[in-house]
Amino acid sequence: MDVSRERAVAFRIAAQGLGRVDDDDAAGVLDLGVQHLGPAAAIALAARMPGPPVPPAGRGLEIAWTHRGAPYWHEAGSLRRWTDALRPLDDDDAAARLGWSGPGTARTGIAPLTAIDQVTAAFTTVLTEPMTKGEASTAVSAVLPRALQYDCVPCGATHVYDQLMRLGAGPAGIGLDPGGRTLRLTPPPPGWAPPSGPGSPDAVARLVTAAVRVLGPVTTADLAAWVGTGAGLLRPAVDAAAPDLAEVTVGGRRAWVASDRLDLLADPPVPPRLRLLPPFDPLLAGRDRALLVPETGRRRTLWPSLGHPGAVLADGEVVGTWRPRASGKKLTLAVTGFVGGPWPGLDEEAERVAAARGLRLVGITAS
């Protein structure tokens, strides 16, 4: 099947539940997880689920460092499966996910997968009660080899490398509690057993299929970039997932979709008239940004180096950005259009954003 850009985007919008027909529409997004960044996850869910917005914790979701070491909300009881699905397939895969170069690996003198396992073992030993990230870093660092730590000048101490800490926490069953002023790490559930050895392609295939359902149509290279590894390194898991995948082309590029969604790709529903998406929303998370936003200047505005804005999605196209301005319990949205605007439904969607944040909308400024 050869697919136009417009149809591919309409399919992805539908596959991610942005039609907001019922809660089942967002099942694929929840299966993969929704990234936590302040209120972003609550806004992302509000954009997809009908009814009054409910925060992730209120839906019974659990949060942990999972994809790329970032904090993600997942369905309750799924973290054990994600631990296996996120296990690097070998040392090269582990090095890629850690961001270690060849010289960096040689400098530590410890194989990347072994380094992750050492952090996991340290967590299992020291994190027996909730700790802040700083407290956990100090406790873990105290039992790790010096080669896995760096000098922190402001603290006058040494700390375990941050990405190594994040990737070692998941296999130890460590969860997160973002409810307080400071993020806290929580101990593993009783009976938790860390994985050992390289990851299984069949287990990592679950990561591939879940990501393809949400990010498809997606090339192997863009999928691997989202995972945080190389395309060749992820290939064994892609091959293991092949029975659940179908190949299509988008603009001449070969891409994967879930095989049971080919009918949806052939005839996707008309995209919703308007949605306000938060920074790091699942629709904005794909690495094929040019598919979603073809114009280079608009991509630079939507994905700057720092301080990502939200996106205004209208009739299947990103037509502008938005930023919140909160004062006490009051919220104002500053909306900047690429072209045209204002758009029908903006007031209603802005109200959903405010409700997801537990604030009262007092105004919208547009430019």
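Higher on the page you've got the structure.
Residues numbered from 1 in each chain as written. Predicted model: local features only at pLDDT ≥ 70, side-chain atom pairs only at ≥ 80, totals over all residues. Heavy atoms only, no water.

Enquirer: Just give me the short version of the packing of aromatic side chains, but keep the residues and values in it.
Expert: Applying the stated criterion across every chain, the model contains one aromatic pair. Positioned over the ring face of tryptophan 192 is arginine 80, at 4.4 Å from the centre of the ring. Residue placement shows arginine 206 over the ring face of tryptophan 82; its charged tip is 4.3 Å from the ring centre. (Phe/Tyr/Trp six-rings, centres within 6.5 Å; stacked < 30°, edge-to-face > 60°. Lys NZ or Arg CZ within 6 Å of the ring centre and 35° of its normal.)

Enquirer: Go over the nonpolar core, please, and point to the residues and values.
Expert: Ranked by size, the top nonpolar core spans 68 residues in total, and within it Phe123, Leu164, Leu185, Val208, Trp226 and Leu234 carry the most contacts. Discounting chain neighbours no more than four positions away, the residues touching valine 208 are Leu223, Leu234, Ala237, Val238, Ala241 and Leu245. Judged by nonpolar contacts, the second largest core, of 25 residues, contains Ile13, Ala246, Leu265 and Val293. (Core = buried A, V, L, I, M, F, W, Y, C linked by side-chain atoms within 4.5 Å. Buried < 20%, exposed > 50% of the residue type's maximum accessible area, 1.4 Å probe, protein only. Contact = heavy atoms within 4.5 Å.)

Enquirer: How would you sum up the environment of leucine 61? Please name residues and give values.
Expert: Within the secondary structure, leucine 61 sits in the loop between helix 3 (40–46) and strand 3 (62–65). Taking relative accessible area as the criterion, leucine 61 reaches 12% and is therefore assigned buried. Along the sequence, leucine 61 and proline 282 sit 221 residues apart, while their C-alpha atoms lie 16 Å from each other. Not counting the four nearest positions on each side in its chain, leucine 61 is found in contact with Leu30, Leu45, Pro56, Trp73, His74 and Glu75. (Helix = DSSP H or I, 4+ residues; strand = E, 2+ residues; numbered from the N terminus.)

Enquirer: Describe the side chain of aspartate 222, naming the residues involved and giving the relevant values.
Expert: Summarising the element assignment, aspartate 222 is placed in helix 11 (residues 220–227). Aspartate 222 gets classed as buried once you look at its relative accessible area, which sits at 11%. If near-sequence neighbours (up to four positions away) are discounted, aspartate 222 is found in contact with Arg253, Arg287 and Asp288.

Enquirer: Which residues make up the packing of helix 5 (residues 91–98) against helix 7 (residues 112–126), and what are the values?
Expert: Two elements in contact, helix 5 and helix 7, have axes separated by 7 Å at closest approach and are oriented at 65 degrees. Considering the angle they form, helix 5 stands roughly perpendicular to helix 7. Residues Asp91, Ala94, Ala95 and Leu98 of helix 5 touch helix 7, and the partners they reach there are Pro112, Leu113, Thr114 and Ile116. Classifying every residue of the contact of helix 5 with helix 7 gives six nonpolar, one polar and one charged. (Axes fitted to C-alpha atoms, helices over the stretch in contact; angles between N-to-C directions. Parallel < 35°, antiparallel > 145°, perpendicular 65-115°, else oblique. Nonpolar A, V, L, I, M, F, W, Y, C, P; charged D, E, K, R; others polar.)

Function cannot be read off these values alone, since they describe shape.
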